[in-house]
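One letter stands for each residue in the lines below.
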Amino acid sequence: MVESATPAPKAAIAEGLRREFEVRFKSQPRIFRAPGRVNLIGEHTDYNDGWVMPAAIEFGTWAAVAPRSDGTLHIVSLNFNEERVVSPEGAERRGDWSDYVSGVAVMLRRAGLGTADANLVLWGDVPLGAGLSSSASVEISAGLALVAAGGQQLARTELARLCQRAENDFVGARCGIMDQFISSHGRAGHALLLDCRSLEYELIPLPADVAIVIANSMVKHELAAGEYNARRAECEEGVLILQRSLPGIRALRDVSLQQLEQHRGDLPPKIYRRCRYVVSENARVLEFARALKAGELRRAGELMAESHASLRDDYEVSCRELDLLVSFASEAGAIGSRMTGGGFGGCVVNLVAQADAERFQSELARNYEQATGMKPELYRTRAADGAHEVTARSEKNA
Ligand code: ADP
Ligand code: MG
């Protein structure tokens, strides 16, 4: 197990992938890359029409592509060392990694875009299933590749929507649009404030001397999927009750904290707490964006701490391991620290002074291992660029 991972050199990866492609398919590919992501603040707000603030990370998936001429799509994952042959007209879910690509090919075909007459080879360094959205990075890189192989272009927001549809309707995973959106729209050195209702967004600079340190708790509780659906249902119940006195609201995004307090008596206590989390989290995301723009890092850190506390106490999606990581991170001097992703395991995101990151990481890892017997995986990154074609020029800049 790696104790601390930094992304592999990008130029070497693209070159290795190119060679592998040429050996297998005897043709020259074009190469595309899309990053994974981490959400800095705004958890469980996407399905409440609210705001989120993710950043693309320096870990991603590369997709090498070249056209075929027999109407089939050959997909290889070097991570899985497997090849699948898909015919998108009749593509069916297989229940494995290739669904993420087949799904994108099917959605492209429905939209009259791209080609599925192609060879596609994938390699990625986003840890799989850790909550850093390796899935969206596969979808977006494959989507870009298949559109380009068809000799077309597609607006990034449309690409994100189409890949989300692939994950929702083909793979069968309920997710909002955040992951695909940040993987396609990210910008180096910036977080992205996204309005999940309108899809309007703003890139917000992050200070250059701040590192993003992601700590993987290495636990994944089985409850996650069931509890996710339960939280969504509880939010919907809250909206239905609040609509009786606030007929103008469509989602918790439309409710202020003051309105929520006014109508607290109408809500069962648990539903009230769920709503309090979502309504306060939406306010925190906007305040976090303001604080970053004003250079108020300490305030931004407080908001991350408040976010975690409310996820733990009001929304009840944290767990012992995530709480331990957050408390050790704060003792070790993080500017801000909170669980990130759906919860019940997965990762904690920390903002840490770049100059102090090494010491921070070893202290965090040591304390966590002492308390739980598990070594956390740590991924250090800056905010990275969104999806792009990998050319000799982009490799030089990487
Ligand atoms: P996360 O998106 O948090 O990493 P998911 O369960 O949503 O977790 O997606 C992980 C899945 O995405 C993997 O199990 C695999 O099916 C697919 N995947 C991710 N990266 C690759 C890759 N490089 N090659 C093939 N499939 C991949
Ligand atoms: Mg995913």
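Residues numbered from 1 in each chain as written. Chains lettered and ligands numbered in written order. Predicted model: local features only at pLDDT ≥ 70, side-chain atom pairs only at ≥ 80, totals over all residues. Heavy atoms only, no water.

Once that is clear, we can look at the environment of leucine 128. By the secondary structure assignment, leucine 128 is in the loop between β6 (118-124) and α3 (134-149). By relative accessible area, which is 52% here, leucine 128 ends up exposed. The spatial distance from the C-alpha of leucine 128 to the C-alpha of asparagine 79 is 9.9 Å, given a sequence separation of 49 residues. Other than its neighbours up to four places away in sequence, leucine 128 contacts Phe80 and Ser134. (Helix = DSSP H or I, 4+ residues; strand = E, 2+ residues; numbered from the N terminus. Buried < 20%, exposed > 50% of the residue type's maximum accessible area, 1.4 Å probe, protein only. Contact = heavy atoms within 4.5 Å.)

A few words now on helix α8 (residues 269-293). For α8, with 25 residues, the first-to-last C-alpha span of 36 Å sits near the 36 Å given by 1.5 Å per residue. Downstream of α8 by one or two residues, glycine 295 has phi in the positive range, about 75°. (Expected span 1.5 Å × (residues − 1).)

Our focus in this paragraph is the site of ligand 1. The full set close to ligand 1 counts 16 residues, and Ser77, Asn79, Gly129, Ser134 and Ser135 are the nearest of them. The contact in question runs from a nitrogen atom of ligand 1 to an N or O atom on the side chain of serine 77, over 2.8 Å. One of the backbone nitrogen or oxygen atoms of glycine 131 is found 3.1 Å away from an oxygen atom of ligand 1. Protein chains shield 81% of the accessible area of ligand 1, which is 560 Å² for the free molecule. Broken down by element, the shell around ligand 1 gets its largest block of residues, three residues, from α3. Split into classes, the residues belonging to the shell around ligand 1 amount to eight nonpolar, eight polar and no charged. (Near = heavy atom within 4 Å. Polar contact = N/O pair within 3.5 Å; in protein donor to acceptor, adjacent residues only side chain to side chain. Areas by Shrake-Rupley, 256 points an atom, 1.4 Å probe, with all protein chains shown as cover. Nonpolar A, V, L, I, M, F, W, Y, C, P; charged D, E, K, R; others polar.)

Time to look at the side chain of threonine 61. As for its placement among the helices and strands, threonine 61 is situated in strand β3 (residues 51-67). At a separation of 2.6 Å, a polar atom in the side chain of threonine 61 contacts the side chain of serine 137. Non-local contacts of threonine 61, meaning those with residues more than four positions away in its chain, are made with Phe32, Arg33, Ala34, Leu122, Trp123, Gly124, Val126, Ser134, Ser137, Val138 and Ser141.

Time to look at helix α5 (residues 178-185). Burial runs high along α5: eight of the eight residues are buried. Within α5, burial applies to Met178, Asp179, Gln180, Phe181, Ile182, Ser183, Ser184 and His185. Lining the buried residues of α5 we find β2 (30-41), β3, α3, α4 (156-171), β7 (190-195) and β8 (201-205).

Turning next to the domain arrangement of the protein. Domain annotation of the protein identifies domain 1 (10-206 + 385-397) and domain 2 (210-381). Residue-level contacts link 31 residues of domain 1 with 43 residues of domain 2. Summed over both partners, the interface of domain 1 with domain 2 buries about 3,300 Å², with 63% contributed by carbon and sulfur atoms. Our count for the contact surface shared by domain 1 and domain 2 stands at four salt bridges. Between glutamate 202 and lysine 293 there is a salt bridge, with the nearest N and O atoms lying 2.8 Å from each other. Counting every contact that joins domain 1 to domain 2 gives 19 residue pairs in polar contact (both at pLDDT 80 or more). Elements that contribute at least two residues to the side of domain 1 that touches domain 2 include exactly β2, β3, β7 and β8. Per-element tally for the side of domain 1 that touches domain 2: the top contributor is β3, with seven residues. The class makeup of the residues in the side of domain 1 that touches domain 2 is 17 nonpolar, seven polar and seven charged. (Domains from an automatic or database assignment. Buried area = accessible area lost by both parts, 1.4 Å probe. Salt bridge = Lys/Arg side-chain N within 4 Å of Asp/Glu carboxyl O.)

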